Amino acid sequence: MTYDSDSKHDRRSFLRQASVFALGLPLLELSSFGLLGCNQASSSSRAALGESGMVPWKTTIVAESEPGEPLIISGTIYAPDGRTPLEGINLLVYQTDKTGVYSTTGGDNRNTRIHGAMRTTADGRYEFRTIRPGSYPGSRNPQHIHAYVSGPEYPEYWIDEYHFNDDPFITDEMRRKFAAQGAFSSILTLKRESDGVWRGVRDIKVEKCSRNCTGR
Ligand SMILES: [Fe+2]
């Protein structure tokens, strides 16, 4: 892997984490990562996330050969006060490929290929590398990445999807809605840098699940 720009988490540490995670991938049973609608990951995947003791804070969820525009999303997960970074918070993300399809086998929203799990560092950080997802074929549905959050004191729930400010399918209504999220907006402003990689930041404020709960 060629990506690691963080001085506090050196390349050796990242590679060690990545290799451990790769070994753990069979536990995630990629082929069984069924999606029961956009916002429901399969129980096996959620269980694997919770049972694994070696989930990296930083990961790559696509192969180098994955078609699409490369994208790195990073951020910090905070306590409900919005100021205290939280360690050990799980973030599970999944998305379509560049054509807006969740799976290369069947084209429905089950068995999505592109997903990954992270667990925050002591300073609350997470990061994943992927490609920009596509809108659903033939739709005006904005590009998006689904996400679940959970932690030792935070039962799992799903958060608003990651969206992108430059997406023409983002409506004014969505912009108004998410403007209220302030610094925790789920609409990211992406910048494409000289290496051709889009980058964006999304900080997340966890909450005790009261809506969007998965019951886990
Ligand atoms: Fe979706």
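Please refer to the structure higher up on the page.
About the criteria used
- Residues numbered from 1 in each chain as written.
- Predicted model: local features only at pLDDT ≥ 70, side-chain atom pairs only at ≥ 80, totals over all residues.
- Heavy atoms only, no water.
- Helix = DSSP H or I, 4+ residues; strand = E, 2+ residues; numbered from the N terminus.
- Buried < 20%, exposed > 50% of the residue type's maximum accessible area, 1.4 Å probe, protein only.
- Polar contact = N/O pair within 3.5 Å; in protein donor to acceptor, adjacent residues only side chain to side chain.
- Contact = heavy atoms within 4.5 Å.
- Disulfide = S-S within 2.5 Å.
- Pairing = 2+ DSSP bridges.
- Core = buried A, V, L, I, M, F, W, Y, C linked by side-chain atoms within 4.5 Å.
- Axes fitted to C-alpha atoms, helices over the stretch in contact; angles between N-to-C directions.
- 1 Å grid on protein atoms, 1.4 Å probe; cavity = no way out; pocket = protein on both sides within 12 Å on 5 of 7 lines; lining within 4 Å.
- Points joined across faces, edges and corners; volume = space filled by probe spheres on them.
- Nonpolar A, V, L, I, M, F, W, Y, C, P; charged D, E, K, R; others polar.

**Q** Quick rundown of the side chain of S150? Include the residues and the values.
**A** Take S150: it is sitting in strand β6 (residues 145-151). Residue S150 is classed as buried on the basis of its relative accessible area, which comes to 11%.

**Q** Pulling in residues and values, what's your account of the side chain of S135?
**A** Among the structural elements, S135 can be located in the loop between β5 (125-131) and β6. There is a polar contact of 2.8 Å between the side chain of S135 and the backbone oxygen of N141. Apart from the residues lying within four places of it in its own chain, the contact partners of S135 are T99, G100, N141, P142, Q143 and F169.

**Q** Lay out the state of the cysteines in plain terms, naming residues and giving numbers.
**A** Evaluation of the coordinates by the stated rule reveals 1 disulfide. There is a disulfide in this structure between C209 and C213, and the S-S distance comes to 1.7 Å. With relative accessibility at 36%, the residue C213 sits in the partly exposed group.

**Q** Pulling in residues and values, what's your account of the pairing of β6?
**A** Across the 7 residues of β6, 7 count as buried, placing the element largely inside the fold. Here β6 shows a buried face lined by I145, A147, V149 and G151 and a second buried face lined by H146, Y148 and S150. Across 6 bridges, the pairing between strand β3 (residues 90-95) and β6 is antiparallel. Paired with L91 across the two strands is V149, which belongs to β6. Taking the residues that link successive antiparallel strands as the turn, the β6-strand β7 (residues 154-164) hairpin has 2 residues.

**Q** Can you break down the nonpolar core residue by residue, with the values?
**A** A general feature of soluble globular proteins is that nonpolar side chains tend to end up buried together. Counting residues in each nonpolar core, the largest one holds 28 residues, and the members touching the most others are I73, L91, V93, Y126, F128 and Y162. Of all the secondary structure elements, the ones that give two or more residues to this core are β2 (70-78), β3, β4 (114-119), β5, β6 and β7. Here this core takes 5 residues from β7, the largest share from any one element. Leave out the neighbours within four places in its chain, and V93 touches I61, I114, H115, G116, M118, F128, I145, H146, A147 and Y162. Counting residues in each nonpolar core, the second largest holds 6 residues, with V55, L92, Y94 and A117 among its members.

**Q** Before we move on, can you summarise the sheet that holds strand β8 (residues 187-188) with the specific residues and values?
**A** One open sheet holds the 5 strands; their spatial order is β4-β3-β6-β7-β8, and the pairing between them is mixed. The sheet is open, and its two edges are formed by β4 and β8, each paired on a single side. Direction of pairing for β3 relative to β4: antiparallel, over a ladder of 6 bridges. Residue pairing for β4: Y94 is matched across the bridge by H115. Across the sheet, helix α3 (residues 172-179) touches β7 and β8, and the angle it forms with β7 is around 135°.

**Q** So what about the layout of surface pockets? Which residues, and what values?
**A** Estimated volume of the second largest pocket: approximately 290 Å³. Forming the walls of the second largest pocket are 14 residues, and the residues nearest its centre are D160, Q181, K205, E207 and R211. Secondary-structure elements contributing two or more residues to the lining of the second largest pocket are β7 and β11 (204-205). When residues of the lining of the second largest pocket are assigned to their parent elements, the largest contribution, 4 residues, is made by β7. Along the lines of polarity and charge, the residues of the lining of the second largest pocket split into 6 nonpolar, 2 polar and 6 charged.

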